[in-house]
Amino acid sequence: VKSRNLVEFWKVFKRYYRNIAFFKIDFLMFMLYFFRGPFNISKCFLRDKGERDIHNYGETPLTIMEKIVLEVGCSPDDTVFELGCGRGKAVFWLNCFTSCKVVGIEIIPTFVEKARIIKQWLHIENIEFRNEDMLTTDYSNATIIYLYGTSMGRETIENLIEKFKSLRQGTKILTVSFPLSDYTSEALFQTEKIFNVHFNWGDGRVFLQKKL
(Lines give C-alpha, C1' and ligand atoms only; values in the text may rest on other atoms or scores of the structure.)
Protein backbone atom coordinates (compact mmCIF):
# COMPACT_ATOMS: atom_id res chain seq x y z
CA VAL A 1 0.00 0.00 0.00
CA LYS A 2 2.84 2.40 0.83
CA SER A 3 4.40 1.92 -2.60
CA ARG A 4 1.03 2.55 -4.26
CA ASN A 5 0.59 5.72 -2.22
CA LEU A 6 4.03 6.89 -3.34
CA VAL A 7 3.14 6.25 -6.99
CA GLU A 8 -0.15 8.11 -6.52
CA PHE A 9 1.67 11.10 -5.01
CA TRP A 10 4.07 11.23 -7.96
CA LYS A 11 1.16 11.12 -10.42
CA VAL A 12 -0.62 13.92 -8.54
CA PHE A 13 2.56 16.00 -8.55
CA LYS A 14 3.08 15.59 -12.30
CA ARG A 15 -0.54 15.95 -13.40
CA TYR A 16 -2.14 18.48 -11.09
CA TYR A 17 0.45 20.73 -9.46
CA ARG A 18 0.80 22.77 -12.65
CA ASN A 19 -2.60 24.13 -11.68
CA ILE A 20 -1.47 26.87 -9.29
CA ALA A 21 -4.84 27.07 -7.54
CA PHE A 22 -4.77 23.36 -6.71
CA PHE A 23 -1.12 23.50 -5.68
CA LYS A 24 -1.96 26.22 -3.13
CA ILE A 25 -4.90 24.18 -1.82
CA ASP A 26 -2.84 21.03 -1.42
CA PHE A 27 0.01 22.90 0.26
CA LEU A 28 -2.35 24.48 2.80
CA MET A 29 -3.96 21.10 3.41
CA PHE A 30 -0.54 19.58 4.07
CA MET A 31 0.26 22.32 6.60
CA LEU A 32 -3.10 22.03 8.38
CA TYR A 33 -2.64 18.27 8.84
CA PHE A 34 1.12 18.30 9.48
CA PHE A 35 0.93 17.66 13.22
CA ARG A 36 -2.21 15.50 13.23
CA GLY A 37 -3.14 13.49 10.17
CA PRO A 38 -6.63 12.65 8.88
CA PHE A 39 -6.37 8.96 9.86
CA ASN A 40 -5.71 9.91 13.48
CA ILE A 41 -8.54 12.46 13.51
CA SER A 42 -10.98 9.92 12.06
CA LYS A 43 -9.86 7.17 14.46
CA CYS A 44 -10.37 9.39 17.52
CA PHE A 45 -13.79 10.54 16.31
CA LEU A 46 -14.99 6.98 15.67
CA ARG A 47 -13.58 5.78 18.99
CA ASP A 48 -15.40 8.54 20.89
CA LYS A 49 -18.62 7.54 19.09
CA GLY A 50 -18.16 3.96 20.28
CA GLU A 51 -17.75 2.50 16.79
CA ARG A 52 -16.25 -0.98 16.50
CA ASP A 53 -14.18 -0.26 13.40
CA ILE A 54 -12.19 2.83 14.32
CA HIS A 55 -9.80 2.43 11.37
CA ASN A 56 -12.51 3.03 8.78
CA TYR A 57 -11.09 5.93 6.77
CA GLY A 58 -10.28 6.20 3.09
CA GLU A 59 -10.05 8.77 0.33
CA THR A 60 -10.62 8.39 -3.39
CA PRO A 61 -7.24 8.88 -5.12
CA LEU A 62 -7.34 11.90 -7.41
CA THR A 63 -6.24 9.85 -10.41
CA ILE A 64 -9.30 7.65 -9.84
CA MET A 65 -11.49 10.74 -9.52
CA GLU A 66 -10.14 11.93 -12.87
CA LYS A 67 -11.13 8.63 -14.50
CA ILE A 68 -14.59 8.84 -12.92
CA VAL A 69 -15.05 12.37 -14.29
CA LEU A 70 -14.01 11.23 -17.77
CA GLU A 71 -16.44 8.30 -17.65
CA VAL A 72 -19.36 10.29 -16.26
CA GLY A 73 -18.77 13.74 -17.68
CA CYS A 74 -18.97 16.82 -15.47
CA SER A 75 -19.79 20.28 -16.73
CA PRO A 76 -19.84 23.69 -15.03
CA ASP A 77 -23.63 23.30 -14.90
CA ASP A 78 -23.40 20.27 -12.59
CA THR A 79 -23.70 20.25 -8.82
CA VAL A 80 -21.71 17.32 -7.45
CA PHE A 81 -22.21 15.96 -3.94
CA GLU A 82 -19.44 13.86 -2.40
CA LEU A 83 -20.76 11.85 0.54
CA GLY A 84 -18.17 11.32 3.25
CA CYS A 85 -15.72 13.76 1.69
CA GLY A 86 -13.16 13.51 4.50
CA ARG A 87 -10.73 16.43 4.43
CA GLY A 88 -12.20 17.56 1.10
CA LYS A 89 -9.28 16.93 -1.25
CA ALA A 90 -11.47 15.53 -4.03
CA VAL A 91 -13.98 18.35 -3.54
CA PHE A 92 -11.27 20.95 -4.14
CA TRP A 93 -9.89 18.96 -7.09
CA LEU A 94 -13.29 18.74 -8.77
CA ASN A 95 -13.76 22.48 -8.40
CA CYS A 96 -10.32 23.24 -9.86
CA PHE A 97 -10.47 20.85 -12.80
CA THR A 98 -14.14 20.71 -13.81
CA SER A 99 -15.45 24.15 -12.68
CA CYS A 100 -18.64 22.49 -11.40
CA LYS A 101 -20.22 23.36 -8.08
CA VAL A 102 -19.23 20.82 -5.42
CA VAL A 103 -20.77 20.06 -2.04
CA GLY A 104 -18.84 17.94 0.44
CA ILE A 105 -20.84 16.13 3.12
CA GLU A 106 -18.81 15.04 6.15
CA ILE A 107 -19.80 14.04 9.68
CA ILE A 108 -16.39 14.69 11.30
CA PRO A 109 -16.34 18.37 12.35
CA THR A 110 -12.54 18.82 12.22
CA PHE A 111 -12.41 17.94 8.53
CA VAL A 112 -15.13 20.45 7.70
CA GLU A 113 -13.55 23.19 9.82
CA LYS A 114 -10.15 22.84 8.13
CA ALA A 115 -11.70 22.65 4.63
CA ARG A 116 -13.63 25.84 5.32
CA ILE A 117 -10.39 27.53 6.44
CA ILE A 118 -8.77 26.69 3.09
CA LYS A 119 -11.83 27.90 1.22
CA GLN A 120 -11.82 31.18 3.14
CA TRP A 121 -8.07 31.82 2.92
CA LEU A 122 -7.97 31.25 -0.84
CA HIS A 123 -11.36 32.86 -1.58
CA ILE A 124 -12.65 29.77 -3.42
CA GLU A 125 -16.14 29.95 -4.87
CA ASN A 126 -18.66 27.28 -5.91
CA ILE A 127 -17.78 24.82 -3.15
CA GLU A 128 -19.56 24.10 0.11
CA PHE A 129 -18.70 21.91 3.07
CA ARG A 130 -21.50 20.66 5.31
CA ASN A 131 -20.97 19.02 8.68
CA GLU A 132 -23.97 16.74 8.28
CA ASP A 133 -25.08 13.13 8.31
CA MET A 134 -25.62 12.01 4.71
CA LEU A 135 -28.96 10.50 5.77
CA THR A 136 -30.35 13.94 6.60
CA THR A 137 -28.74 16.03 3.84
CA ASP A 138 -30.85 17.99 1.36
CA TYR A 139 -30.01 16.69 -2.13
CA SER A 140 -32.62 18.72 -4.00
CA ASN A 141 -30.10 20.56 -6.19
CA ALA A 142 -27.76 17.60 -6.84
CA THR A 143 -27.13 16.47 -10.42
CA ILE A 144 -24.33 14.00 -9.54
CA ILE A 145 -23.78 12.13 -6.26
CA TYR A 146 -20.58 10.23 -5.46
CA LEU A 147 -20.57 7.61 -2.70
CA TYR A 148 -17.35 5.78 -1.87
CA GLY A 149 -19.15 3.75 0.85
CA THR A 150 -17.34 0.41 0.45
CA SER A 151 -17.56 -0.27 4.20
CA MET A 152 -21.17 0.80 4.72
CA GLY A 153 -23.56 -1.60 6.37
CA ARG A 154 -26.72 -2.79 4.67
CA GLU A 155 -29.04 -0.79 6.95
CA THR A 156 -27.23 2.47 6.18
CA ILE A 157 -27.39 1.84 2.43
CA GLU A 158 -31.10 1.00 2.62
CA ASN A 159 -31.77 4.19 4.60
CA LEU A 160 -29.81 6.18 2.05
CA ILE A 161 -31.88 4.68 -0.76
CA GLU A 162 -35.01 5.88 1.04
CA LYS A 163 -33.49 9.34 1.04
CA PHE A 164 -32.64 9.06 -2.66
CA LYS A 165 -36.28 8.41 -3.56
CA SER A 166 -36.84 12.16 -3.55
CA LEU A 167 -34.03 12.86 -6.04
CA ARG A 168 -34.90 14.46 -9.33
CA GLN A 169 -35.31 12.11 -12.28
CA GLY A 170 -32.03 11.72 -14.15
CA THR A 171 -29.78 12.45 -11.16
CA LYS A 172 -26.56 10.48 -11.57
CA ILE A 173 -25.36 8.38 -8.64
CA LEU A 174 -21.92 6.79 -8.50
CA THR A 175 -21.21 3.97 -6.06
CA VAL A 176 -18.05 1.94 -5.55
CA SER A 177 -18.18 -1.87 -5.42
CA PHE A 178 -21.98 -2.24 -5.47
CA PRO A 179 -25.06 -1.00 -7.35
CA LEU A 180 -27.92 0.47 -5.34
CA SER A 181 -30.30 -2.00 -7.02
CA ASP A 182 -28.71 -4.78 -4.92
CA TYR A 183 -30.33 -3.22 -1.85
CA THR A 184 -33.87 -2.55 -3.05
CA SER A 185 -36.55 -4.44 -4.95
CA GLU A 186 -38.07 -1.20 -6.25
CA ALA A 187 -37.27 0.05 -9.74
CA LEU A 188 -35.65 3.29 -8.58
CA PHE A 189 -32.33 3.29 -10.42
CA GLN A 190 -31.01 2.27 -13.80
CA THR A 191 -27.37 1.24 -14.16
CA GLU A 192 -25.94 3.15 -17.11
CA LYS A 193 -22.31 2.07 -16.95
CA ILE A 194 -19.88 -0.09 -14.98
CA PHE A 195 -16.15 0.52 -15.18
CA ASN A 196 -13.05 -0.78 -13.42
CA VAL A 197 -10.73 1.37 -11.32
CA HIS A 198 -7.59 0.59 -9.34
CA PHE A 199 -7.68 1.80 -5.74
CA ASN A 200 -4.74 1.60 -3.35
CA TRP A 201 -6.36 -1.43 -1.72
CA GLY A 202 -6.90 -3.23 -5.04
CA ASP A 203 -9.18 -3.38 -8.05
CA GLY A 204 -12.74 -2.12 -7.76
CA ARG A 205 -15.76 -1.31 -9.88
CA VAL A 206 -17.69 1.93 -10.10
CA PHE A 207 -21.41 1.82 -10.93
CA LEU A 208 -22.99 4.80 -12.68
CA GLN A 209 -26.74 4.85 -12.06
CA LYS A 210 -29.55 7.24 -12.89
CA LYS A 211 -32.59 7.97 -10.77
CA LEU A 212 -35.73 6.85 -12.63
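Data block above holds the structure.
Only a predicted model underlies this, so the values are computations on that prediction, with no experimental measurement involved.

### Some remarks on the packing of aromatic side chains
Across all of its chains, the model carries 19 aromatic pairs by this definition. Judged by centre distance (5.6 Å) and plane angle (70 degrees), the ring pair of phenylalanine 13 and tyrosine 17 falls under edge-to-face. For the ring pair tyrosine 148 and phenylalanine 199, a centre distance of 5.4 Å and an interplane angle of 25 degrees mean the geometry is stacked. Linking tyrosine 148 in the loop between strand S4 (144–147) and helix H7 (154–164) with phenylalanine 199 in strand S6 (residues 189–199), this pair joins segments that are 51 residues apart in sequence. With respect to class, tyrosine 148 is no different from phenylalanine 199; both count as buried. Members of the aromatic cluster, joined through ring pairs, are Trp10, Phe13, Tyr16, Tyr17, Phe22, Phe23, Trp93 and Phe97. Here the basic side chain of lysine 114 rests over the ring of tyrosine 33, its NZ or CZ set 5.3 Å away from the ring centre.

### Overview of the sheet that holds strand S3 (residues 127–131)
Spatial strand order, S3-S2-S1-S4-S5-S7-S6: seven strands in an open sheet with mixed pairing. Of all strands in the sheet, those with a lone pairing partner are S3 and S6, marking the two edges. When the angles between neighbouring strand axes are averaged without regard to direction, this sheet yields 15 degrees. Bridge count between strand S2 (residues 101–106) and S3: five bridges; the pairing is parallel. Residue valine 103 lies in a different strand from S3, and its bridge partner there is glutamate 128. Its contacts with the sheet place helix H4 (residues 62–72) against S4, strand S5 (172–176), S6 and strand S7 (202–211), and it is angled at close to 150 degrees to S6. With respect to the sheet, helix H5 (residues 89–98) is in contact with strand S1 (79–83), S2 and S3, its orientation differing from that of S3 by roughly 160 degrees.

### Side note on the environment of phenylalanine 129
Among the secondary structure elements, phenylalanine 129 is positioned in strand S3. Residues phenylalanine 129 and serine 181, spaced 52 residues apart in sequence, show a C-alpha to C-alpha distance of 28 Å.

### Some details on the pairing of S7
For S7, a buried count of seven out of ten residues is recorded, marking the element as mostly surrounded by other parts of the structure. With five bridges joining them, S5 and S7 adopt antiparallel strand pairing. From the neighbouring strand, lysine 172 faces S7, where its bridge partner is lysine 210. Where S6 lies against S7, ten bridges are found, and the strand directions are antiparallel. What sits directly across from histidine 198, in S7, is aspartate 203.

### Quick word on unusual backbone geometry
Not every positive phi belongs to a glycine, and histidine 123 is a case in point at roughly 55 degrees. Residue placement: histidine 123 occurs in the loop between helix H6 (109–122) and S3. Residue class for histidine 123 comes out exposed when judged on its relative accessible area of 68%. Its identity is not glycine, yet serine 177 carries a phi of approximately 85 degrees, on the positive side. Relative to the elements of secondary structure, serine 177 occurs in the loop between S5 and S6. Residue serine 177 is classed as partly exposed on the basis of its relative accessible area of 39%.

### Overview of the side chain of glutamate 106
Looking at where glutamate 106 falls in the secondary structure, it is placed in strand S2. Although glutamate 106 is buried, it makes no salt bridge; lysine 49 carries the closest opposite charge, 9.2 Å away. Only 3.0 Å separates the side chain of glutamate 106 from the backbone nitrogen of isoleucine 108, close enough to count as a polar contact. Beyond its immediate chain neighbours, meaning those up to four positions away, glutamate 106 contacts Gly84, Cys85, Gly86, Phe111, Val112, Arg130, Asn131 and Glu132.

Cut-offs used in this document
- Throughout this description, residue numbers start from 1 for each chain and increase along the sequence as written.
- Given that the model is predicted, a residue must reach a pLDDT of at least 70 before its local features are reported, and side-chain atom pairs must reach 80 or more before they are shown or counted; all residues, however, enter totals for whole chains, interfaces and linings.
- Water and hydrogen atoms were dropped before computing side-chain values, which therefore reflect all heavy atoms in the structure.
- Working definition: a ring pair exists when centres of Phe, Tyr or Trp rings (six-membered ring for Trp) sit within 6.5 Å. Plane angles under 30 degrees give stacked, over 60 give edge-to-face, the rest tilted.
- Under the DSSP-based scheme used, a helix requires at least four consecutive residues in state H or I and a strand at least two consecutive residues in state E, with every element numbered from the N terminus.
- Classification of residues uses two cut-offs on accessible area relative to the type maximum, computed with a 1.4 Å probe and protein chains only: under 20% is buried, over 50% is exposed, and between them is partly exposed.
- For a Lys NZ or an Arg CZ to count as sitting over a ring, it must be within 6 Å of the ring centre and within 35 degrees of the ring normal.
- Pairs of strands are assigned from DSSP output, requiring at least two bridges between the strands.
- To obtain each axis, a line is fitted to C-alpha atoms, and for helices this fit is confined to the stretch in contact; angles are then taken between N-to-C directions over 0 to 180 degrees.
- Whether two residues touch is decided by their heavy atoms; if any such pair falls within 4.5 Å, the residues are in contact.
- Charge convention: Lys and Arg are scored as positive, Asp and Glu as negative, and His as well as the terminal groups of each chain are ignored.
- We define a salt bridge as a side-chain nitrogen of Lys or Arg found within 4 Å of a carboxyl oxygen belonging to Asp or Glu.
- In the analysis that follows, any N or O atom pair within 3.5 Å is treated as a polar contact, provided that within protein one partner can donate a hydrogen and the other can accept it, and provided that, for residues neighboring in sequence, both atoms belong to side chains.

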